[in-house]
Amino acid sequence: RTRAGAPATSTFAPPNGWRARIPTAMSRQAKSLGDSWSHIRATMQIRETELFVEEQGAGPAILFSHGLLWSGRMFEPQARALEDRYRVVRYDHRGQGRGAVPPDEVISIETLYHDAIALIEELELAPCHFVGLSMGGFVGMRLATRRPELLRSLTLMATAADPEPKANLPKY
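Residues numbered from 1 in each chain as written. Predicted model: local features only at pLDDT ≥ 70, side-chain atom pairs only at ≥ 80, totals over all residues. Heavy atoms only, no water.

(A) Up close: the packing of aromatic side chains. Summed over all chains, the structure comprises 1 aromatic pair. Note that arginine 146 overlies the ring of tyrosine 113, its terminal NZ or CZ placed 5.0 Å from the centroid. (Phe/Tyr/Trp six-rings, centres within 6.5 Å; stacked < 30°, edge-to-face > 60°. Lys NZ or Arg CZ within 6 Å of the ring centre and 35° of its normal.)

In structure tokens, the structure reads:
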């Protein structure tokens, strides 16, 4: 399921070769790019929520993690540029983009960190290149320090290791 406004996609059975790396927990949907099924859009059960995940290409894995109030769509140009050499995975954090909106009012970075671990493990991405923007960088830093075996590299953009200033918290 995606929220209203998400692009419509058609349900499909993945072609041979995909079945080995697409978990059965995914509600598989895809968009055809030419004659091949190389772009998968799916809502995936991770821990106690559903995350919207897009995967395209083949090769070493790159996982993109977006900033607060964005979605994996923000990395579409990068995904298109890299899909001929990499397995590119983008996802929407819980409560954002096309991810399920949980009943909790507060979603902690710790929760997002554990979601990322579960996603990496479920999709068998490790070790992966992790690219995090802002809030996604917070997730990436936790992965690098606590679960370095899951990462091949870490790219951080517009993020900081410092705690969020208390004056900023009411703005969110």
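(B) Quick peek at helix 3 (residues 135–146). Across its 12 residues, helix 3 extends 17 Å between first and last C-alpha, which sits within 8% of the 16 Å expected from 1.5 Å per residue. Every buried residue of helix 3 is accounted for by Met135, Gly136, Gly137, Val139, Gly140, Met141 and Leu143. Close packing links the buried residues of helix 3 with strand 5 (61–65), strand 6 (87–92), helix 2 (109–122), strand 7 (128–133) and strand 8 (151–157). (Helix = DSSP H or I, 4+ residues; strand = E, 2+ residues; numbered from the N terminus. Expected span 1.5 Å × (residues − 1). Buried < 20%, exposed > 50% of the residue type's maximum accessible area, 1.4 Å probe, protein only. Contact = heavy atoms within 4.5 Å.)

(C) Just the pattern of salt bridges, in detail. If you walk through the whole model with that rule in mind, you get 14 salt bridges. We note a salt bridge from arginine 47 to aspartate 115, for which the minimum N-O separation is 2.8 Å. Within this pair, whereas arginine 47 is found in the loop between strand 3 (36–46) and strand 4 (49–56), its partner aspartate 115 is found in helix 2, the two being separated by 68 residues in sequence. Residue classification places aspartate 115 among the buried residues on the basis of a relative accessible area of 1%. A salt bridge links arginine 98 to glutamate 54; the nearest nitrogen and oxygen atoms lie 3.2 Å apart. Placement of arginine 98 in the loop between strand 6 and helix 2 and of glutamate 54 in strand 4 is noted, with a sequence separation of 44 residues between them. A single burial state applies to arginine 98 and to glutamate 54, both of which are buried. What you see here is one network of salt bridges that share partners, running through Arg41, Glu54, Arg90, Asp92 and Arg98. (Salt bridge = Lys/Arg side-chain N within 4 Å of Asp/Glu carboxyl O.)

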